[in-house]
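# Architecture at a glance
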Amino acid sequence: MRESVQAEVMMSFLVSEELSFRIPVELRYETCDPYAVRLTFHLPGDAPVTWAFGRELLIDGVGRPCGDGDVHIAPADPESFGEVLIRLQVGTDQAMFRVGTAPLVAFLDRTDKLVPLGQERSLADFDTLLDEALDRILAEEQSAG
């Protein structure tokens, strides 16, 4: 069984209302973390930046505004559904990206063929991987504090 799906899409990085530029963004989905998608942004002059968030959030954001906290996704124009806006925020800093809906839907369709939505828990090792990840996080927190 294939264990990941990836695609590269071009997104517009919206610096301001007057200024934007196109950047390559890698979309990645892995069966070892079946609830999440990863977007790696390749900004000029900077190291790549990866954000991980719920696959279901990306699916929902294609059709309607959604997201709490650091990630918000919404259709750019609710009438046409031709483009999607993705807003990523850390503290008071935020970055806004615009991407065509079609490449997102194509990517999400491929993830659904790999692991159908709602079937994430059926992956045999997911609970074990989750327990290992939580143990690792707790160990790091204890050693840091």
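For every chain, the first residue of its written sequence is number 1, and the numbers climb from 1 along that sequence. Predicted model: local features are reported for residues with pLDDT of at least 70 only, side-chain atom pairs are reported and counted for 80 or more only, and whole-chain, interface and lining totals are derived from all residues. Derived side-chain values reflect all non-hydrogen atoms in the structure, with water molecules and hydrogen atoms excluded from consideration.

### Here's the deal with the sheet that holds strand β1 (residues 4-14)
In short, DSSP must find at least two bridges between two strands for them to pair. In DSSP terms, a helix is any run of H or I states spanning at least four residues, a strand is any run of E spanning at least two, and both are numbered starting from the N terminus. Ordered in space as β4-β3-β2-β1-β7-β6-β5, the 7 strands form an open sheet in which the pairing is antiparallel. A strand with exactly one partner marks an edge of an open sheet, and here the two such strands are β4 (49-54) and β5 (71-75). Between one strand axis and the next, the sheet turns by 30° as a mean value, whatever way the strands run. Alignment of strand β6 (residues 83-90) against strand β7 (residues 93-100), held across 8 bridges, turns out to be antiparallel. Across the sheet, the residue bridging to Leu88 is Ala95, located in β7. Only heavy atoms matter for contacts: two residues are in contact if any of them lie within 4.5 Å across the pair. Interaxial angles span 0 to 180 degrees and are taken between N-to-C directions of axes, which are lines fitted to C-alpha atoms, for helices over the stretch in contact. Its contacts with the sheet place helix α1 (residues 55-63) against β2 (20-30), β3 (36-41), β4, β5 and β6, and it is angled at close to 30° to β5. Relative to β1, helix α2 (residues 101-114) is tilted by about 160°, and along the sheet it contacts β1, β2, β3, β6 and β7.

### Overview of the packing of aromatic side chains
Within 6.5 Å between ring centres, the rings of Phe, Tyr and Trp (the latter by its six-membered ring) count as paired, and their orientation is classed by plane angle as stacked under 30 degrees, edge-to-face over 60, tilted in between. One pass over the structure, following the stated rule, counts 3 aromatic pairs. Consider the rings of Phe13 and Phe21, whose centres lie 5.3 Å apart with planes at 90°: the pair is edge-to-face. When a residue's accessible area, from a 1.4 Å probe over protein chains only, is under 20% of the maximum for its type it is buried; when over 50% it is exposed; and in between it is partly exposed. Assessed through its relative accessible area of 18%, Phe13 is described here as buried. By relative accessible area, Phe21 is classed as partly exposed at 29%. With 5.1 Å between their ring centres and 25° between their planes, Phe13 and Phe97 make a pair best called stacked. Of the two residues, Phe13 sits in strand β1 while Phe97 sits in strand β7, which places them 84 residues apart along the sequence. The same class applies to Phe13 as to Phe97, namely buried. Following the ring pairs from residue to residue traces out a cluster consisting of Phe13, Phe21, Phe41 and Phe97.

### With respect to the layout of surface pockets
For the largest pocket, the calculated volume is near 150 Å³. Together, Phe13, Phe41, Leu43, Val49, Trp51, Leu88, Gln89, Val90, Asp93, Gln94, Ala95 and Phe97 line the largest pocket. Taken together, the elements giving at least two residues each to the lining of the largest pocket come down to β4, β6 and β7. Of the residues forming the lining of the largest pocket, the biggest block, 4 residues, is contributed by β7. Any residue that is not Ala, Val, Leu, Ile, Met, Phe, Trp, Tyr, Cys, Pro, Asp, Glu, Lys or Arg is counted as polar, Gly included; the first ten are nonpolar and the last four charged. Broken down by class, the residue content of the lining of the largest pocket amounts to 9 nonpolar, 2 polar and 1 charged. Here a cavity means grid points, on a 1 Å grid over the protein atoms only, where a 1.4 Å probe fits yet cannot get out; a pocket means an open set of points with protein on both sides within 12 Å along at least five of seven lines; lining residues are those with an atom within 4 Å of a point. Grid points are joined across faces, edges and corners, and a volume is the space filled by probe spheres set on the points.

### With respect to the pairing of β6
By the bridge criterion, 5 bridges tie β5 to β6 in an arrangement that is antiparallel. Note that in β6 the partner of Val71 across the bridge is Leu88.

### Comments concerning the pattern of salt bridges
Where charged atoms from two side chains of opposite charge approach closely, those side chains can pair. The term salt bridge refers to a pairing of a side-chain nitrogen on Lys or Arg with a carboxyl oxygen on Asp or Glu at a separation within 4 Å. What the rule picks out here adds up to 5 salt bridges. Between Asp33 and Arg38 there is a salt bridge, with the nearest N and O atoms lying 2.9 Å from each other. A relative accessible area of 25% means that Arg38 is categorised as partly exposed. A salt bridge links Arg64 to Asp60; the nearest nitrogen and oxygen atoms lie 3.5 Å apart. A relative accessible area of 44% means that Arg64 is categorised as partly exposed.

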